Amino acid sequence: MSAGTYALSLEEHQAAALSRGNDPSRCGYTLSRNLVMAVREARVHRPDLVVKFGCYLLSNHGSRLGYEVWAMYEQVFVALLQYAKKLGKGSSSRTTVSKEMQLAQEYCATLSVQFPMSLRVRRLAAMLLEAKGEFEAAMSEYDAIMKEDPNNLFAMKRQVALLRGCNKPTEAACKLVNHLNFVCADADAWLVLADLYLQQQQHRKAAFCVEELILINPMNYMYHVRYGEILFTMGGGERGHNAELVRTARKYFAHALELKPNQNLRALYGLLLCCAAAGKGSKGRDVTELVTFAKQSLLDAYAGHGAETPMLMVVQAMIATLFA
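Treat the numbers as computed from the prediction; the structure is a model and nothing was measured. (Residues numbered from 1 in each chain as written. Predicted model: local features only at pLDDT ≥ 70, side-chain atom pairs only at ≥ 80, totals over all residues. Heavy atoms only, no water.)

A. Here's a closer look at the overall build of the chain. Of the regular secondary structure elements, the chain holds 17 helices and zero strands. Expressed as a percentage of its 324 residues, the buried residues of the chain come to 42%. As displayed, the chain offers around 18100 Å² of accessible surface, 54% of which is attributable to carbon and sulfur atoms. (Helix = DSSP H or I, 4+ residues; strand = E, 2+ residues; numbered from the N terminus. Buried < 20%, exposed > 50% of the residue type's maximum accessible area, 1.4 Å probe, protein only. Areas by Shrake-Rupley, 256 points an atom, 1.4 Å probe, with all protein chains shown as cover.)

B. Expanded view of helix 7 (residues 119-131). Taking 1.5 Å per residue, 13 residues should reach 18 Å; helix 7 reaches 18 Å between its end C-alpha atoms and fits that length. All buried positions along helix 7 are accounted for by Leu119, Val121, Arg123, Leu124, Ala126, Met127, Leu128, Leu129 and Glu130. Of the residues flanking the start of helix 7, the one acting as N-cap is serine 118, its side-chain oxygen 3.2 Å from the backbone nitrogen of arginine 120. (Expected span 1.5 Å × (residues − 1). Polar contact = N/O pair within 3.5 Å; in protein donor to acceptor, adjacent residues only side chain to side chain.)

C. Just helix 4 (residues 47-60), in detail. In a regular helix each residue adds 1.5 Å, so 14 residues correspond to 20 Å; helix 4 covers 19 Å between its end C-alpha atoms and thus fits that length. By the criterion of burial, helix 4 is predominantly enclosed, with 10 of the 14 residues buried. The complete set of buried residues in helix 4 reads Pro47, Leu49, Val50, Val51, Phe53, Gly54, Cys55, Tyr56, Leu57 and Leu58.

D. Summary view of the pattern of salt bridges. Scanning the entire structure with this criterion turns up 11 salt bridges. Note that arginine 120 and glutamate 74 form a salt bridge whose closest N and O atoms lie 3.0 Å from each other. Of this pair, arginine 120 sits in helix 7 while glutamate 74 sits in helix 5 (residues 68-87), and the two are 46 residues apart along the sequence. The class of glutamate 74 is buried, set by a relative accessible area of 17%. Residues arginine 226 and aspartate 195 are paired through a salt bridge, measuring 2.6 Å at the closest nitrogen-oxygen approach. One end of the pair, arginine 226, is in helix 13 (residues 221-235); the other, aspartate 195, is in helix 11 (residues 187-199), with 31 residues separating them in the sequence. Taken together, the salt bridges that share partners define one network made up of Arg122, Glu141 and Glu148. (Salt bridge = Lys/Arg side-chain N within 4 Å of Asp/Glu carboxyl O.)

Encoded structure:
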């Protein structure tokens with residue numbers, strides 16, 4: 001079975017497993033393996049499925065997996081950490097969480113024995129330390145990995161995630177800036193860096209990050225929306241009215257609507273807010289056509305079979321307040 005088949009048939013595999021009570025022993029080796037592989041190929045977040053069927057495969061059919069068994073160990077290990085974190089949100093799950101973590105430790109030890117010199121396995125061990133709350137030890141292990149391999153992208157991103165989780169946005173931003181000095185086309189890194197700057201209300205730096213994203217992929221409508229939102233935040237509201245920034249923001253919202261005309265509510269709201277702000281400014285231009293378009297598009301989006309839905313009434317009140 002090809003990789004594309006796994007991704008396309010994930011729902012089909014889930015339906016087949018459901019028909020057998022989602023019991024791995026009843027599903028057997030083939031269906032359990034196909035289901036876990038389908039989750040991997042589709043890149044969906046389903047740690048519950050991976051834990052249930054992956055642990056069954058490793059416990060009962062490890063030899064049948066061949067060399068694929070090591071990738072299975074890694075996938076199930078990560079799913080165990082995610083599943084344990086999810087269960088840990090409930091106070092009644094302490095026993096279950098300890099079982100998940102214990103199994104994760106066993107799998108990590110198995111991988112360490114098989115690949116004693118692997119930086120990839122050391123990164124998994126550091127993730128285990130993170131899951132156990134040993135953040136300083138995890139960071140030290142990531143630092144050691146980065147010393148051996150300065151280009152280890154996964155270890156660097158784990159460091160950024162760890163710093164964000166420890167509420168250290170400045171340190172996380174520094175890590176990303178150093179990374180982007182060498183890998184300037186990493187769109188995910190620019191997105192995270194923009195969020196970090198917004199968290200610290202450094203809007204100009206966040207705007208620069210989104211500008212880089214637009215250069216990387218100018219056809220992504222959401223980048224234009226986010227850039228317009230940042231410009232509007234800088235130019236409108238309590239920060240003082242800057243007509244030029246508001247007009248520029250309006251252009252980006254309008255271009256986002258050109259790229260994605262349908263189901264683009266964020267751009268419509270942004271366009272409407274820009275028009276309202278421009279209308280109130282001393283240098284405001286006649287934006288009647290844009291206002292009419294944005295109003296009607298929003299009302300059409302929330303209209304439900306001719307009846308006034310609660311959300312439609314809220315939007316109508318908002319529009320009346322903006323242009324009162």
